[in-house]
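# Chains, contacts and geometry: an overview
Read off the chains here:
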Amino acid sequence: MTAFHALRVTRHVLLNRAHMLVYSLAILALLRHRLSCLLSSSLFLPLLLAELVLALMWVGSQATRWRPVRRHEFPDRLLREVDPAALPALDVFICTADPHREPPISVVSTALSAMAFDYPPDRLSIYVSDDGGSAVTLFAFMEASRFARYWLPFCKEKGLLDRSPEAYFQSNIGGDSDKMKMMYQTMKEKVETALERGYVGNDLVSSQEEAEVFKRWKGLPSHDHPSMIQVLLDTSKDTDIMGNALPNVIYVSREKRPTSPHHFKAGALNVLTRVSSTMSNGPMILTLDCDTYSNDPRSPLHALCYFLDPAVSPDLAFVQFPQIFQGLNKNDIYACEVKRLYTINPRGKDGLGGPNYVGTACYFSRRSLQGTPSSTSLAPGANDPLSSESVLRKAHEVASCTYEPGTKWGSSIGFRYGSLSEDYHTGYHLHCEGWKSVFCYPSRPAFLGDAPKNLNDVLSQRKRWCVGLFEVAFSRCCPLTFGTMKASLLVGLCYAHEAFWGSWCIPITIYGLLPQLALIYGIPLFPKVSDPWFYLYAYLFFTTYGQDLLEFLAADGTMGRWWSDQRMWMIIGLTSYLFGTVQFVLKKFGISAQGFNVTSKVMEDEQSKRYEKGAFDFGVGSPFFVVLGMVATVNLSSLVVGIARAATMEGGFDELFVQLFLSAFVTANCWPIYEAMFLRSDGGKLPGNVTVISLVLAGFLHCNGYLIFHN
């Protein structure tokens, strides 16, 4: 059989392994030195704790460097070998939860881009889960279903690769594009009018039948309503303006009751899995976030290069494409690329058992969610009409609150419950059950999404990730034990490294405050420059950052974006991971904590302008920013006082160089914070009360430092 894909191990594998050996010996030497220092003063105990955490996190990170691989697919070979009519049916799942934070017109553009895949339309079904139970979202999809009759032929005729109308019309005008853009704008205005009103009026609908549909929404709160399922397009009878069949489009709003847990996104995906099994029952499932649109209509063919390979498919659970974001500013100031999570580490995991599921841009085998690895054939499709009474009755049944209790859904079937990070949790359990995955990274990004471009939103999102990952780390399925036994040692370490991300707050907080406070009072905590032990610390620091930089640049990064990435690592450690750890601990003790929040996809004009200029946005009174202001103040004051103290001490620079370097390094990273505290006057500056509280807390730490270091 012709090979549909190829794999090669990256060339620097042996160099990585040699570095691991040398670096591990250096870590052991460092810990030995720190233990000897501990005998002279208890001040070194926090530093020992920080270095132990750093060492353990480093060990976990090495699993992804053990055998990184790169893959290449040959979709043209696939099309020569396989009759398009024989391609497996594909069900696309798109989830949305709040029409005000996730604009329906953006969700619609994502759906239209998937409807326009280069794939037989009679084998393609789009399911949208509306967890907000919004009549406006249903109205938007009704309008989109009509617009699709013109948009899909337009895409095929023009040979477009970018098939999201929202993205396409931002950069293409003239000729036929103008006419199509006017149709799109008309649809967009109607949807936005309904969103502004908060309801769908009779003046917006196209028929009395549609008006009757929206009457069902009146008086129904989003958290308490029966299931609502609407077949908007049926491929067996609906066609575009050229007479070609259109894909199925089904709107689903699952039943919600205050007394029944809904399990957030995982619960919504499980409802779509069951509803789709009663309708189209596609053997392949694609999950997309509502803002992640198709940027390459051939992505299903890339995935099929693996699913149709008999040597790979029997235990292949999913094919994960990288999550790539559009609209980032030049230096990606908030490090929203998350390049290590979405690009670098997946290649390392791909050489072990496959990457993790990241919540979007992922093609699943339905067998992996509803079957077992031992099954060797894809599931058959359903043939009953989608709108038939029997199909709809069954679909409503499986979308009800009463269906799951007493079943294995969420535990060993479908997307897994028990963590706010349902994507990580699901991928982890699939790997532990013996399934494999593949990282597919074609030269043209298959999908593009929107990242949060507001600092508070970024930090809140990372805090939610931290809590969700801890929920897995401190469960009976801890990757360090369960994962290493059920999958493999290296796979378990990969998952453990991510599960304990929140622990970064320990070394970052300690290294961000303790050496600096000691510097103010002239207390050395590190070896002198003239001491041979100094070179061990220098080696560990510079090789860590050097390797990180080289890997970042090799993944098509830039120096500017790498600097932003390492700066955000420190900012997130001091805020998201610290607050997330506290929230998780409080939750374990039964103390109420903040629940799940949808990340906003809406951005104000002034905020957008600041972002494009590369200016950080601190314009809200967030406790995150109090901590950042406090740490920034401590480091700046310690640098100034430390330089003065070192200049007046005999051998001061020799003795205090490491602490001066740490203060200078953190101060350089804190420059956007100083701007927001003292230099800016726009809406993104740090609120005055936050600045004052930060300064007071910094002063409090200085006073306590005096008591500690002179005790």
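Owing to the predicted nature of the structure, the values given are computational and were not obtained by experimental measurement. (Residues numbered from 1 in each chain as written. Predicted model: local features only at pLDDT ≥ 70, side-chain atom pairs only at ≥ 80, totals over all residues. Heavy atoms only, no water.)

### Side note on the UniProt feature "transmembrane region" (unreviewed entry) in the protein chain
The UniProt entry lists residues 12-31, 43-61, 489-514, 534-555, 567-586, 624-644, 656-674 and 686-709 under the feature "transmembrane region" (unreviewed entry), expressed in the numbering used here. End C-alpha atoms of residues 12-31 are separated by 28 Å, and the span's content is 95% helix alongside 0% strand. Taken as a whole, residues 567-586 contains 95% helix and 0% strand, while its terminal C-alpha atoms sit 28 Å from one another. (UniProt positions renumbered as here; feature names shortened; annotations may be inferred. Helix = DSSP H or I, 4+ residues; strand = E, 2+ residues; numbered from the N terminus.)

### Some words on the environment of Val631
Tracing the backbone shows Val631 in helix H23 (residues 623-648). For Val631, a relative accessible area of 2% corresponds to the buried category. Residues Val631 and Leu695, 64 residues apart in the sequence, show an inter-C-alpha distance of 9.4 Å. Sequence-distant contacts of Val631, that is, excluding residues within four places in its chain, are made with Gly512, Leu513 and Leu574. (Buried < 20%, exposed > 50% of the residue type's maximum accessible area, 1.4 Å probe, protein only. Contact = heavy atoms within 4.5 Å.)

### Re the packing of aromatic side chains
A complete count under the given rule lists 50 aromatic pairs for this structure. Following the ring pairs from residue to residue traces out a cluster consisting of Phe534, Tyr535, Phe541, Phe542, Tyr545, Trp562, Trp563, Phe657, Phe661 and Phe665. Cation over ring: Arg17 sits above Trp66, and NZ or CZ is 4.0 Å from the ring centre. Lying across the ring of Trp409, Arg274 places its NZ or CZ 4.9 Å from the centre. (Phe/Tyr/Trp six-rings, centres within 6.5 Å; stacked < 30°, edge-to-face > 60°. Lys NZ or Arg CZ within 6 Å of the ring centre and 35° of its normal.)

### Some points on the sheet that holds strand E4 (residues 124-130)
A sheet is described by the order of its strands in space; here 8 strands give the open sequence E5-E6-E4-E3-E7-E11-E9-E12, paired in mixed fashion. Of all strands in the sheet, those bounded by a partner on one side alone are strand E5 (228-233) and strand E12 (436-439). Here the strands of the sheet are splayed against their neighbours by 20° on average, with no regard to which way each runs. Of the strand pairs in this sheet, strand E7 (residues 284-289) and strand E11 (residues 362-365) are connected by 4 bridges, and their pairing is antiparallel. Note that in E11 the partner of Ile285 across the bridge is Phe364. Along the sheet, helix H5 (residues 135-158) contacts strand E3 (90-96), E4, E5 and strand E6 (248-253); its crossing angle with E5, the most-contacted strand, is approximately 15°. Where helix H10 (residues 299-307) meets the sheet, it contacts E3, E7, strand E9 (316-320), E11 and E12, and its direction lies at approximately 150° from that of E9. (Pairing = 2+ DSSP bridges. Axes fitted to C-alpha atoms, helices over the stretch in contact; angles between N-to-C directions.)

### A word on the sheet that holds strand E13 (residues 447-449)
Across the sheet, which stays open at both edges, the 3 strands sit in the order E8-E13-E10 with mixed pairing between neighbours. The two strands at the open ends of the sheet, each matched to only one other strand, are strand E8 (293-294) and strand E10 (324-325). Pairing geometry for E10 and E13, over 2 bridges, is parallel. Within E13, the residue paired with Phe325 across the bridge is Gly449.

### Description of the packing of helix H2 (residues 44-62) against helix H17 (residues 489-499)
Where H2 meets H17, the closest approach of the two axes is 7 Å, and the angle between their N-to-C directions is 135°. In terms of their interaxial angle, H2 and H17 are classed as oblique. In this structure, H2 meets H17 at a crossing whose hand is left-handed. Contacts between H2 and H17 involve Met57, Gly60 and Ser61 from the first element and Leu493, Cys494 and His497 from the second. A breakdown of the residues in the contact of H2 with H17 according to their chemical character gives 3 nonpolar, 3 polar and no charged. (Parallel < 35°, antiparallel > 145°, perpendicular 65-115°, else oblique. Left-handed = near helix turned anticlockwise from the far one by under 90°. Nonpolar A, V, L, I, M, F, W, Y, C, P; charged D, E, K, R; others polar.)

### Quick look at the pairing of E3
The buried count for E3 comes to 7 of 7 residues, which makes it a mostly enclosed element. The two faces of E3 match: Leu90, Val92, Ile94 and Thr96 on one face and Asp91, Phe93 and Cys95 on the other face are all buried. In terms of strand pairing, E3 meets E4 through 7 bridges, oriented parallel. Across the sheet, Val92 pairs through a bridge with Ile126, a residue of E4.

### Topic: the packing of helix H14 (residues 422-432) against helix H16 (residues 479-486)
Two elements in contact, H14 and H16, have axes separated by 8 Å at closest approach and are oriented at 40°. Of the possible angle classes, the one that applies to H14 and H16 is oblique. Counting all contacts with H14, which are made through Tyr424, Tyr428 and Cys432, the residues of H16 involved are Pro479, Phe482, Gly483 and Lys486.

### Comments concerning the pattern of salt bridges
Oppositely charged side chains can pair when the atoms bearing their charge come close. Considering all chains together, one arrives at 27 salt bridges under this definition. In this structure, Asp224 and Arg257 form a salt bridge, with 2.7 Å as the shortest nitrogen-oxygen distance. Remark: Arg257 occurs in the loop between E6 and helix H9 (264-278) and Asp224 occurs in the loop between helix H8 (208-215) and E5; sequence separation between them is 33 residues. Judged by its relative accessible area of 28%, Arg257 falls in the partly exposed class. Between Arg610 and Asp617 there is a salt bridge; the shortest N-O distance is 2.8 Å. Its relative accessible area of 6% is what places Asp617 among the buried residues. Taken together, the shared-partner salt bridges in this structure form one network comprising Arg65, Arg340, Asp548 and Glu551. (Salt bridge = Lys/Arg side-chain N within 4 Å of Asp/Glu carboxyl O.)

### Considering the UniProt feature "binding site: UDP-alpha-D-glucose" (unreviewed entry) in the protein chain
Following the UniProt record, the feature "binding site: UDP-alpha-D-glucose" (unreviewed entry) maps to Glu102 and Asp131 here. A stretch of 30 residues holds the annotated residues, and the largest C-alpha distance among them is 11.5 Å, short enough that they meet in one place. Under the relative-accessibility criterion, Glu102 is labelled buried at 8%. Summarising the element assignment, Asp131 is placed in the loop between E4 and H5. With sequence-adjacent residues up to four places away left out, Asp131 is seen in contact with Thr96, Ala97, Ser222, Arg254, Lys256, Phe264 and Ala268.

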